[in-house]
Amino acid sequence: MVTLAPAAAGNWRDITRVKAAETQREWVADAAYYLCLSAYDGLWRSYAVQDDDGAVVGHVMWAVDTDDGSHWIGGLVIDAERQGQGLGRATVRTLLDLWEREEPSLSRTAYREAALSVAPENEGALGLYRSLGFVETGEQEDDEVVLRRPRS
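Reading the values: rules and limits
Residue numbers restart at each chain and count upward from 1, following the sequence in its written direction. It should be noted that, the model being predicted, local features are given only for residues of pLDDT at least 70 and side-chain atom pairs only at 80 or more, the latter also being counted only at that level, while totals for whole chains, interfaces and linings use all residues. Heavy atoms from the whole structure form the basis of all side-chain values; hydrogens and water molecules are not counted. Each helix corresponds to a stretch of at least 4 residues labelled H or I by DSSP, and each strand to a stretch of at least 2 residues labelled E; elements are numbered beginning at the N terminus. The cut-offs for exposure are 20% and 50% of the maximum accessible area for each residue type, with area from a 1.4 Å probe on protein chains only; residues under the lower value are buried, those over the upper are exposed, and the others partly exposed. Any N or O atom pair separated by 3.5 Å or less is treated as a polar contact, with the protein-specific requirement of one donor-capable and one acceptor-capable atom, and with residues adjacent in sequence counted only for side-chain atom pairs. Whenever Lys or Arg places a side-chain nitrogen within 4 Å of a carboxyl oxygen from Asp or Glu, that contact is recorded as a salt bridge. Aromatic pairs are defined between Phe, Tyr and Trp rings, using the six-membered ring for Trp, whenever the two ring centres lie within 6.5 Å; interplanar angles under 30 degrees are classed as stacked, those over 60 as edge-to-face, and all others as tilted.

*Asks:* Help me out: how do you make sense of the environment of D51 in this one?
*Replies:* With respect to the secondary-structure elements, D51 resides in the loop between strand 2 (45–50) and strand 3 (56–64). Using a relative accessible area of 10% as the deciding quantity, one classes D51 as buried. Spatially, the C-alpha atom of D51 lies 22 Å from that of S38, the residues being 13 residues apart in sequence. Among the polar contacts listed, one links the side chain of D51 to the side chain of R82, at a separation of 2.8 Å.

Now the structure itself:
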């Protein structure tokens, strides 16, 4: 349902046009922020989320925690006009499949666990991640709860 393409010269402008729904903007930054974080922080890798027609419909980024080797998902934004179509779920599944198939060549660290953090009041995101097998761990990252999912 979706493909992931690394952020690059040919798609970064399309990624910056991705806007979260108004009700999500307290929890989700602009995609341009996530692109900058990936470009200048040296940790995160940004990807365009593309639909079956190749149109950019979202953004997601990921990184490997150097302390425990967990693969973190961050900056998942599906454009407001395309929400409610299962694209967020498909994005997470596609990223997990990518790690399952291509690790450790992508990160030089064998994939063993996925992790992410969510604002505790973001019930929609929590429901999505729980339905995909993520479990709250009791950990916190800034003001967010951490969820983890072991490799299947």
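*Asks:* I would appreciate a short explanation of the pattern of salt bridges in the present structure.
*Replies:* Pairs may arise between side chains of opposite charge once their charged atoms sit close together. One pass over the structure, following the stated rule, counts nine salt bridges. Ionic pairing is found between D14 and R17, a salt bridge with its closest N-O pair at 2.6 Å. The class for R17 is exposed, based on a relative accessible area of 53%. The partner of E100 in a salt bridge is R151, and the shortest N-O contact between them spans 3.0 Å. Within this pair, whereas E100 is found in helix 3 (residues 87–102), its partner R151 is found in the segment after strand 7 (144–150), the two being separated by 51 residues in sequence. In this structure R151 comes out as partly exposed when scored by relative accessible area, which is 37%. Sharing partners across several salt bridges, the network here consists of D68, R112, E113, E139 and R148.

*Asks:* Even after reading the chapter, I still don't get the packing of aromatic side chains, so can you show me in this structure?
*Replies:* Given two aromatic rings, their pairing is described by the distance between the two centres and the angle made by the two planes. The tally for this structure, following the rule as stated, stands at four aromatic pairs. With centroids separated by 5.3 Å and ring planes inclined at 50 degrees, the aromatic side chains of W99 and Y111 adopt a geometry described as tilted. With W99 in helix 3 and Y111 in the loop between helix 3 and strand 5 (113–118), this pair connects stretches of sequence that are 12 residues apart. When sorted by exposure, W99 lands in the same class as Y111, which is buried. Site record: aromatic cluster; members linked through ring pairs are W62, W99 and Y111.

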